[in-house]
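# Structural features, examined
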Amino acid sequence: MSADIGLFGLGVMGQNLALNIADKGFKIAVHNRSTGKVDTTVARAKKELKEQNLTGYKSMKDFVAAIRKPRAVIILVKAGKAVDLTIEKLVEYMEPGDIIVDGGNEWFPNTVRRGRDLESKKILYIGMGVSGGEEGARNGPSMMPGGPEEAYKRIEPIVKKCAAQVDDGPCVTWIGPGGAGNYVKMVHNGIEYGDMQLIAEAYDLMKNVVKMNNDEIAATFDEWNKGELQSFLVEITAKIFTKKTEDGKDYVVDKILDKTGMKGTGRWTVQEGAEQSVPLSVVAAALEGRYLSGLLHERKQACKILPGPKPPKLAFEKKEMISMIREAMYTAKICSYAQGMALIKKAGERFEWNLNLGEIARIWKGGCIIRAVFLDRIKKAFDVNSKLASLLVDPSFSADVVKGQEKLRTVVKTGIDFGISCPAFTAALNYYDSYRRERLPANLTQAQRDFFGAHTYERVDKPEGEYYHTAWTSAHISAAGSTYSLS
């Protein structure tokens, strides 16, 4: 068999993506370091596929030889060293013009480095973010490939057919050169962190302030999923609250330890926000929430020592409070996506990737973890104005956040009164309030910097780009005078 494409790395994601490709009519060769998983994948193919388009190989040499030229191989292994070792083995049997596609969650500078390293061998390298989890890999994920456009053209017919399909096309597009694909997937995951934290905080308020039971919470999220908050994460949240333990006595969610895991993409996103000077307060709050959840044993001791406020009587009727939480969550969600898209925009400009933000929002509409109905509106906002500074100033979204900001304030204040931490809700509100203000107290901060470090400052009554320094005390006195221009 001459395979259309190869796939190395047969964990569950790898197996499911390979079966998806084969299911769509493409012949695929598969290989894995431990050959038992090759047998497992072949057995699954015989059971699940109508046409046997999948062939397993036990040696790297035979695997690569089975793929038509120019060869294209997707690798799905753990990020980092495992990717480098896999590439090292692959290139022993590959030729100039062949293509390696890394489908894992990789730190984008590693993708750039590997692409440059392979240039001497004339092998093309794509870093392709794949979102949708195990189910998405099998039935249609959202894919974010970045690297040489000519390499993407080779795999385009395959990934377009295997991606999730929405009303305006497959959820895949060439993102841009170099590490653009991995970068966009990284930010996608950061936004995912924010979404999950906002949902968790809404749950916390419903349970501990409104005193709702799991059935009521499930019904509420199910209702929310029929409106502007319709999304995969809200949908699965409603389902989670209905699931009971095997003996039927308890809810599974109540038996789960309140300690959240993570794989690093949220941390990378926050790091990149700092690197690009783009505020990502909602994602940062979500990340810190996970860190705090990890302090489980410390929290158990702290709760015996540190009291919260005496909870007041809730000032709102149950139905009204639930409605306010919904509006607050939607408003905070807009703020979070505004931050994420701003980071993508800034990185695209800095690295000269020429990113299409509307198209990026489009391919997130299906298959991926953050798929949501309002992504179509984000796409339209950037299609109308590709230079849009922020979603917060798009006419449609600005109307929503102006309407929802009072509810967001009320929810944050309610959390404070009851001693319920709402870091993501609060971060979103602080971002909104800072972004909407013409003048911030940063003038004092800059004065302090000039005082202790002569870092200079610009003036409101002088042209932008002119810098000044003040001799704040006698110790600062200069021959140039108490205040002088450095222009």
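Shown above is the structure to which this text applies.
Residues numbered from 1 in each chain as written. Predicted model: local features only at pLDDT ≥ 70, side-chain atom pairs only at ≥ 80, totals over all residues. Heavy atoms only, no water.

A few words now on the overall build of the chain. A count of helical and extended segments in the chain gives 20 helices and 11 strands. For 487 residues, the compact-globule estimate of 2.2 N^0.38 gives 23 Å, and the C-alpha radius of gyration of the chain, at 26 Å, lies within 12% of that figure. Dimensions along the principal axes, computed over C-alpha positions, put the chain at roughly 80 × 70 × 45 Å. Within the chain, the proportion of its 487 residues that are buried is 51%. By sequence separation, contacts in the chain at least 24 residues apart represent 68% of the contacts at least 6 residues apart. For the chain, the computed accessible surface area is about 23500 Å², with 52% contributed by carbon and sulfur atoms. (Helix = DSSP H or I, 4+ residues; strand = E, 2+ residues; numbered from the N terminus. Rg over C-alpha atoms; globule rule 2.2 N^0.38 Å. Buried < 20%, exposed > 50% of the residue type's maximum accessible area, 1.4 Å probe, protein only. Contact = heavy atoms within 4.5 Å. Areas by Shrake-Rupley, 256 points an atom, 1.4 Å probe, with all protein chains shown as cover.)

Now for the pairing of strand 1 (residues 5-8). Burial along strand 1 is two-sided: the residues Ile5 and Leu7 and Gly6 and Phe8 are all buried. With respect to chirality, the unit in which strand 1 leads through helix 1 (residues 12-23) into the neighbouring parallel strand 2 (residues 28-31) is right-handed. As paired elements, strand 1 and strand 4 (residues 72-75) share three bridges and run parallel to each other. Of the residues in strand 4, the one forming a bridge with Gly6 is Val73. (Right-handed = clockwise from strand over helix to strand, strands pointing away. Pairing = 2+ DSSP bridges.)

This part covers the pairing of strand 2. Residues Ile28 and Val30 of strand 2 are buried on one face, and the alternating residues Ala29 and His31, pointing to the opposite face, are buried as well. In this structure, strand 1 lies alongside strand 2, joined through four bridges in parallel fashion. Bridge assignment links Gly6 to a residue of strand 2, and that residue is Ala29. With three bridges joining them, strand 2 and strand 3 (residues 54-56) adopt parallel strand pairing. Each residue of the ladder has a partner; that of Ile28, found in strand 3, is Leu54. In the classification by handedness, the crossover that spans strand 2, the intervening helix 2 (residues 36-48) and the parallel strand 3 is right-handed.

For the rest of this paragraph, the subject is the sheet that holds strand 5 (residues 99-102). In spatial order, the strands read 3-2-1-4-5-6-7; together these seven strands make up an open sheet with mixed pairing. A single partner strand is all that each edge strand has here, and the edge strands are strand 3 and strand 7 (142-146). Averaged over neighbouring strand pairs, the angle between their axes works out to 25 degrees when direction is ignored. Across four bridges, the pairing between strand 4 and strand 5 is parallel. Across the sheet, residue Ala72 finds its bridge partner in strand 5, namely Ile99. (Axes fitted to C-alpha atoms, helices over the stretch in contact; angles between N-to-C directions.)

Taken together, the side chains of Phe451, Phe452 and Trp472 present a nonpolar region at the surface, about 350 Å² in accessible area. Relative to the helices and strands, Phe452 resides in helix 20 (residues 442-453). Its relative accessible area of 63% is what places Phe452 among the exposed residues. (Patch = residues over 30% accessible without salt bridge, like charges linked within 9 Å, V, L, I, M, F, W, Y side chains within 5 Å. Salt bridge = Lys/Arg side-chain N within 4 Å of Asp/Glu carboxyl O.)

With that out of the way, let us pick up the environment of Gly132. Tracing the backbone through its elements, the reader meets Gly132 in the loop between strand 6 (124-131) and helix 6 (133-139). Residue Gly132 is classed as buried on the basis of its relative accessible area, which comes to 12%. Between the alpha carbons of Gly132 and Trp353 there is a distance of 25 Å; along the sequence they are 221 residues apart. Excluding anything up to four places from it in sequence, Gly132 contacts Gly367, Cys368 and Ile369.

The terminal C-alpha atoms of helix 8 (residues 180-208), which comprises 29 residues, lie 42 Å apart, in line with the 42 Å expected from a rise of 1.5 Å per residue. The buried count for helix 8 comes to 23 of 29 residues, which makes it a mostly enclosed element. (Expected span 1.5 Å × (residues − 1).)

So, about the packing of helix 18 (residues 395-418) against helix 19 (residues 423-435). With their axes 10 Å apart at the nearest point, helix 18 and helix 19 run at an angle of 135 degrees to one another. By the angle class used here, helix 18 and helix 19 are oblique. The element helix 18 and its partner helix 19 pack so that their crossing is left-handed. Of the residues in helix 19, those touching helix 18 at Val401, Val402, Gln405, Leu408, Arg409 and Val412 are Phe425, Thr426, Ala428, Leu429, Tyr432 and Asp433. Here the residues of the contact of helix 18 with helix 19 sort into eight nonpolar, two polar and two charged. (Parallel < 35°, antiparallel > 145°, perpendicular 65-115°, else oblique. Left-handed = near helix turned anticlockwise from the far one by under 90°. Nonpolar A, V, L, I, M, F, W, Y, C, P; charged D, E, K, R; others polar.)

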